[in-house]
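Structural characterization, general
Here is what each chain is made of, one letter per residue.
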Amino acid sequence: SHLLILRTATLILMATGLPTNVASGPLFGVPINKVAIAGGTHGNEYTGIWCIKVVEKQRELYNQGIQPSDDAKAIINPFQEYPSLTIRTLLSNPKAYMANRRFIDTDLNREFSVQKLKEPCPEDGEVAPYEAVRAKEIESILGEKVHPADSTPTDVVEDAPSDIVIDLHTTTANMGITIIITEGDALMSAAAAYVLHKCKTEYGYDNVYCMLLPATKRLDRTHLPSCGGHDFTIEVGPTPQGVLRHDIVEQTQAALHSLLEFLHRGNTELLGAQQQQSSDATTNILKWLREIYPEGGVPCYRSAPALHDGQALHGKIGWPSDPENPNFPAWMVHKSVQDRDFEPLRTGDPLFVALDGTTIPYDGSYGEDALLMFVNEGGYYYASSGTGLGVAVKSTFDLETGRLREND
């Protein structure tokens, strides 16, 4: 099988003394075969759930040898097109999905730090939050995060049950197609660069961005895809919660299939190089990316650091909550800010509106000019998800290391 050949090829590469890690030369040091695609981490984000159902339908058609109808030929069958990948899907939060809610008790995408995963079961008579229990179940499915080699932020876990976990999300904010990766993962950085370019050029989308998460230790990351050896999130918007929009589904699928194509293409080139016992693995894909990004830098955004100790890891401009309901804002996002994600907000510009109609301007707390993101994101009305507007910093990461450029 493809998997056996690729694994054997890796052993050959190791036996010949050729490099097997990303930093020493090849973009792909080992094949990326085991792919998990998650949807419904937030149960009312229906796009990701639709997309994993499409993947399972394509699996069924492929196994039955059924060719697509003329109307369905635009849909890519990943099992036919990317045979080096073993793909599994995961409906992350089934109870919230059935209830058409973001979550049942608490935000599932905040439950995957090792500290939370290792919390003991409640005492007699107490009931654990559903998402805390579900996170432990998911960890057992995708593989435990605890790994003896995981001592630095840039470690990539070898022999993980999932080589990569891809989490599909939507947002009510005007974020376009936003790819979210962790700083320092060279392979995912190259993957993001590939997806950015392909979505813009082949699929024709202008609103494609990359967001770089801080290089935290894998064990401390709270988001679901951090259970995999590599984590990759696709977030597309704007779309309402609990709604399916054809265009948003298509944008999500464009990003997803671009990523799967990158992984399969890398596996194929790695296999070819290893069969020839050559150290020049993935030369074609890496050369192609170097041509696309001749300066070696890939444009991205990152979260501004939080302003106060004890705050969340990411910078936000918060709003006060209604005294009767912590999930209801006492201030409304001003109309002049709506849908202006990744656009500058200047000190003194209108930002919020109070109940009495008073306009609250931006106070310059994140600098004279600030770039907002996740503007009026419905999920950020929940206190457990972190209320407010995200603040972005325009940056550049190195194509081959995944690290922020020094000036950024």
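Residues numbered from 1 in each chain as written. Predicted model: local features only at pLDDT ≥ 70, side-chain atom pairs only at ≥ 80, totals over all residues. Heavy atoms only, no water.

Along its length, the protein chain carries nine helices and 16 strands. Within the protein chain, the fraction of its 408 residues that count as buried is 49%. For the protein chain, contacts bridging at least 24 residues in sequence account for 74% of all contacts bridging at least 6. (Helix = DSSP H or I, 4+ residues; strand = E, 2+ residues; numbered from the N terminus. Buried < 20%, exposed > 50% of the residue type's maximum accessible area, 1.4 Å probe, protein only. Contact = heavy atoms within 4.5 Å.)

Relative to the elements of secondary structure, Asn93 occurs in the loop between strand 2 (86-91) and helix 4 (94-99). Classification of Asn93 by relative accessible area gives buried; the value is 0%. Side-chain polar atoms of Asn93 contact the backbone nitrogen of Ala96, separated by 3.2 Å. Not counting residues within four places of it along the chain, the set of residues in contact with Asn93 comprises Gly40, Thr41, Gly43, Arg102, Phe103, Leu108, Tyr130 and Glu131. (Polar contact = N/O pair within 3.5 Å; in protein donor to acceptor, adjacent residues only side chain to side chain.)

Below, the discussion takes up the pairing of strand 4 (residues 176-182). Of all seven residues making up strand 4, seven are buried, and the element is well covered by its neighbours. Taken together, the five bridges between strand 4 and strand 6 (residues 230-237) define a ladder with antiparallel strand orientation. Residue pairing for strand 6: Ile177 is matched across the bridge by Val236. Where strand 4 and strand 5 (residues 208-213) come together, six bridges link them in parallel fashion. (Pairing = 2+ DSSP bridges.)

Right, let's get into helix 7 (residues 186-201). For helix 7, built from 16 residues, the straight-helix expectation of 22 Å at 1.5 Å per residue is met to within 8% by its first-to-last C-alpha distance of 23 Å. Across the 16 residues that make up helix 7, a large majority, 14, are buried. (Expected span 1.5 Å × (residues − 1).)

This part is about the packing of aromatic side chains. Each aromatic ring pair is specified by the distance between its two centres and by the angle formed by the two planes. All chains considered together, the criterion is met by 12 aromatic pairs. Between Trp331 and Phe352 the ring centres are 5.5 Å apart and the planes differ by 40 degrees, which places this aromatic pair in the tilted class. Placement of the pair is Trp331 in strand 11 (residues 331-333) and Phe352 in strand 13 (residues 350-354), with a sequence separation of 21 residues. Exposure remark for Trp331: the relative accessible area of 28% places this residue in the partly exposed category. Linked through ring pairs, Trp319, Trp331, Phe352 and Tyr381 together constitute an aromatic cluster. Geometry around Trp288 places Arg265 over its ring, the cationic atom sitting 5.5 Å from the centre. One Lys or Arg, Lys316, reaches over the ring of Tyr380 and ends 3.5 Å from the middle of that ring. (Phe/Tyr/Trp six-rings, centres within 6.5 Å; stacked < 30°, edge-to-face > 60°. Lys NZ or Arg CZ within 6 Å of the ring centre and 35° of its normal.)

What follows covers helix 6 (residues 130-142). Its 13 residues give helix 6 an end-to-end C-alpha distance of 18 Å, which sits within 8% of 18 Å, the value for a rise of 1.5 Å per residue. Within helix 6, burial applies to Tyr130, Glu131, Ala132, Arg134, Ala135, Ile138, Glu139 and Leu142. Elements that come into contact with the buried residues of helix 6 comprise strand 1 (34-39), strand 2, helix 4, helix 5 (114-117) and strand 3 (164-170). One or two positions beyond helix 6, positive phi appears at Gly143, with a value near 120 degrees.

Across the junction of Gly237 and Pro238, the peptide omega takes the value 15 degrees, indicating a cis bond. The phi dihedral of Asn100 is positive, around 55 degrees, even though this residue is not glycine. Mapped onto the elements, Asn100 comes out in the loop between helix 4 and helix 5. Taking the relative accessible area as the measure of exposure, Asn100 reaches 36% and is therefore partly exposed. Non-glycine residue Phe342 carries a positive phi angle of around 70 degrees.

All right, on to the side chain of His264 then. Within the fold, His264 resides in helix 8 (residues 246-275). Residue classification places His264 among the buried positions, given a relative accessible area of 16%. Apart from the residues within four sequence positions on either side, His264 is in contact with Glu81, Tyr82, Pro83, Ser84 and Leu85.

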